[in-house]
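Analysis of the macromolecular model
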Amino acid sequence: MSTLTSAANPSRGLRWDAWAIVLWIGAGLIMAAFLWVLLDLLGRGLGQISWSFITEAPENAGRAGGIGPILVSTLLILMVCLAIAVPLAVGVAVFLSELLPHRSRLRRIVQISLDALAAVPSVVFGLFGNAFFCIQLGLGFSILSGGLTLACMVLPLLIRTTESSIRAVPQRYRLAATALGMTRSRVILRLVVPLAVPGIVVGTLLALGRAMAETVALVFTSGYVDRMPGSLLDSGRSLSIHVFDLAMNVPGGDANAYGAGVVLIFALLVINGAVLCLAKTWKARSGMAITAAT
Amino acid sequence: MPGKDLESEIRHGHHGGNVMTVAQPCIEPAAHREPERHLWCISDLTVSYGEVIALSSVSLNIKENSVTAVIGPSGCGKSSLLCCLNRLTDFIPGCCVSGRILMHSKDILGGQIDDTRLRKQVGLIFQKPNPFPLSIRRNFELPLREHGIRDRQEIEHIMQSTLEATGLWKEVKDRLNKPAHQLSGGQQQRLCIARALSLRPDALLMDEPCSALDPISSGQVEELVLSLRERYTIVIVTHNLSQARRLGTDVALFWLRDGKGTLVESGPASQVFEAPRDDLTKLYLRGAIA
Ligand SMILES: Nc1ncnc2c1ncn2[C@@H]1O[C@H](COP(=O)(O)OP(=O)(O)OP(=O)(O)O)[C@@H](O)[C@H]1O
Ligand SMILES: [Mg+2]
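This report concerns the structure included in the present document.

Rules of the game
Residues numbered from 1 in each chain as written. Chains lettered and ligands numbered in written order. Predicted model: local features only at pLDDT ≥ 70, side-chain atom pairs only at ≥ 80, totals over all residues. Heavy atoms only, no water. Salt bridge = Lys/Arg side-chain N within 4 Å of Asp/Glu carboxyl O. Helix = DSSP H or I, 4+ residues; strand = E, 2+ residues; numbered from the N terminus. Buried < 20%, exposed > 50% of the residue type's maximum accessible area, 1.4 Å probe, protein only. Axes fitted to C-alpha atoms, helices over the stretch in contact; angles between N-to-C directions. Left-handed = near helix turned anticlockwise from the far one by under 90°. Nonpolar A, V, L, I, M, F, W, Y, C, P; charged D, E, K, R; others polar. Near = heavy atom within 4 Å. Polar contact = N/O pair within 3.5 Å; in protein donor to acceptor, adjacent residues only side chain to side chain. Areas by Shrake-Rupley, 256 points an atom, 1.4 Å probe, with all protein chains shown as cover. Pairing = 2+ DSSP bridges. Contact = heavy atoms within 4.5 Å.

Once that is clear, we can look at the pattern of salt bridges. Going through the model one piece at a time under the given rule, you end up with 18 salt bridges over all chains. Here glutamate 163 of chain A ties to arginine 160 of chain A by a salt bridge, and the two come within 3.9 Å at their closest N and O atoms. Taken together, the positions of glutamate 163 of chain A and arginine 160 of chain A, both in helix α6 (residues 143-167) and 3 residues apart, correspond to about one turn of that helix. Here arginine 160 of chain A falls in the partly exposed class, since its relative accessible area comes to 27%. Residue aspartate 115 of chain B pairs with arginine 119 of chain B through a salt bridge whose shortest N-O separation is 3.8 Å. Taken together, the residues aspartate 115 of chain B and arginine 119 of chain B, both in helix α4 (residues 115-121) and 4 residues apart, mark about one turn of the helix. Residue classification places aspartate 115 of chain B among the partly exposed positions, given a relative accessible area of 23%. Through salt bridges that share partners, Asp115, Arg160, Glu163 and Arg167 of chain A make up one connected network.

Packed helix pairs are specified by the crossing angle of their axes together with the interaxial distance, meaning the distance between the axes. Residues and elements named next belong to chain A. Relative to each other, helix α3 (residues 68-99) and α6 sit at 35°, their axes nearing to 6 Å. Both α3 and α6 take part in a crossing whose hand is right-handed. Considered class by class, the residues forming the contact of α3 with α6 number 24 nonpolar, 5 polar and 3 charged.

This part is about the site of ligand 1. Residues and elements named next belong to chain B. Near ligand 1 there are 13 residues, and of these Ser74, Lys78, Ser79, Ser80 and His239 occur at the shortest range. Between ligand 1 and lysine 78, the relevant distance is 2.7 Å, taken from an oxygen atom to a side-chain nitrogen or oxygen of the residue. One of the side-chain nitrogen or oxygen atoms of histidine 239 is found 2.8 Å away from an oxygen atom of ligand 1. For ligand 1, whose unbound accessible area comes to 630 Å², protein coverage reaches 63%. Looking at the shell around ligand 1, the elements with two or more residues in it are β2 (52-63) and α3 (78-85). With 3 residues, the single largest contributor to the shell around ligand 1 is α3.

The subject of this paragraph is the sheet that holds strand β4 (residues 95-103) of chain B. Residue and element names in this part refer to chain B. A sheet is described by the order of its strands in space; here 4 strands give the open sequence β2-β1-β4-β5, paired in antiparallel fashion. What marks the edges here is a single partner per strand, and that holds for β2 and β5 (106-107). Contacts from α3 reach β1 (38-49), β2 and β4, with the element oriented near 120° to β1.

Here the focus is the sheet that holds strand β3 (residues 67-71) of chain B. Strands pair in a sheet through their backbones, by hydrogen bonds, and they do so in one of two ways: parallel or antiparallel. Residue and element names in this part refer to chain B. The strand order across the open sheet formed by 6 strands is β6-β7-β8-β3-β9-β10, and the pairing between neighbours is mixed. Each edge of the sheet is formed by a strand with only one pairing partner; in this case those strands are β6 (122-125) and β10 (260-268). Each adjacent strand pair in this sheet contributes to an overall mean axis angle of 15°, direction not counted. The pairing of strand β7 (residues 203-207) with strand β8 (residues 233-237) spans 5 bridges and is classified as parallel. Counterpart to leucine 204 in the pairing with β8 is isoleucine 234. Most of the contacts of α3 go to β7, to which it runs at about 155°, and overall it touches β3, β6, β7, β8 and β9 (250-257). The sheet strands contacting helix α8 (residues 185-197) are β6 and β7, and the helix crosses β6 at an angle near 170°.

Here is the structure:
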């Protein structure tokens, strides 16, 4: 027995080493590509960043001036998106995981449609949002239309993450609460959902990141206008559209495109960093892993 | 065991139960022990999970303010019995309960007591300690608020008094806002008992409360049970026969017959342990002792 293992071990170890090297090289290449993009962006765009760039309005189609109104529009679009999507997602997730029976057909069907919906390209969401929110509901090209469209787009992801974090709450806590005479609705409201909040927050941040990076869906719904929005029914240009527009449609807009790109990527990095941090601290605190479909 | 003789058996058993104190029969006034009251009268209780029959026509009376130890091999339906007594069975998918359980002469299976009220009156302690993964204080707030106690002072007071009753106050009073699952297993189990007591129940059901604990912690829980047995009706499931001896005033032995859980023998602890009537009981007790 002992000779067998000692004979088998080295070759196994060797093969492992070879695989490990391949994996490390792969990981290294990915890291290098990411760093290259990041450094390139920072090298060209960092010089643009200043207080006036962040706060001032764009001039000369964005070649000069800043991104103030665009940041405001982006923020408003994201707020509309989350204000609609998060409560809806929590409601649907509670319904799916707590109220429907475990092996229900309806649940399977909803889950499959959610997965299908998550795989739909964003341009389709854009067209849908344009047809439904802009035209059908008469909201026109507006921040509201854009936010609602993004809400539809991130909803599948949010429902999935929320559902899995609700499901990750161990059954014994529900039983304990029930045995203490808590009614079912109270168990859900006071215990299960609060315990799932970390997962919901992480899912929300992921959705936020995706919404922020979205361009195409917004071209069709929130529009191009780069003025400071006066209300949610005004058209507003998001950061990602601004970058796209400056880079593709405005000759001489490159420098400011990089500047806006730096702001965008900085926001995304902050969001992702927050996700990692929160997931880690919450796991340490509650002993429950946060399961988020990344 | 046929349910008919149980009433008489227990009554007889009661006299048998005083066998140990028979040398000093006059010290205790007869009136003190006289009104033998039952908290639960279970008759013809059958519990099934689909095909599996966990309990088959069980009839048993459980005395008020005493400790009934429920013993028997694994899978004979002890946990199922406890879950019937506070109707937690409603929550187990596929679980089907029939028969009658009277509590304070109200039919609890027939729904004569509201189920949340029932569960407030009958606390359940699980095998694995399960405080909510929240702060210690929140573990009390949550159920108390559910039952209409909102006043901060009052919650604080109830929390302190139950934690004192479970001997936990000194250990946790400086960390009430810390997560409950950072406590040791034994402390967690006593916290769960305190949490159940905070609702001022009449009875406590304990499902192998010590089996996940080290000897010292389980000793503490045992002492706690002994200190509570004057005021609460306690039903405790245990695989530990010496624990059943130490804690039980009454004992019920269940067995798996033809794949169905059945009650073999029940009565005062001294009678069941010293003079078991059923051969199975003799064998089980002897086998476990050996
Ligand atoms: N939720 C359930 N679904 C299906 N069958 C169950 C369920 N709970 C218990 N059973 C079955 O019912 C029978 C009795 O189970 P129960 O848990 O009451 O036994 P027990 O005496 O408590 O055993 P143990 O000493 O191992 O805890 C077992 O055969 C078990 O498989
Ligand atoms: Mg059990």
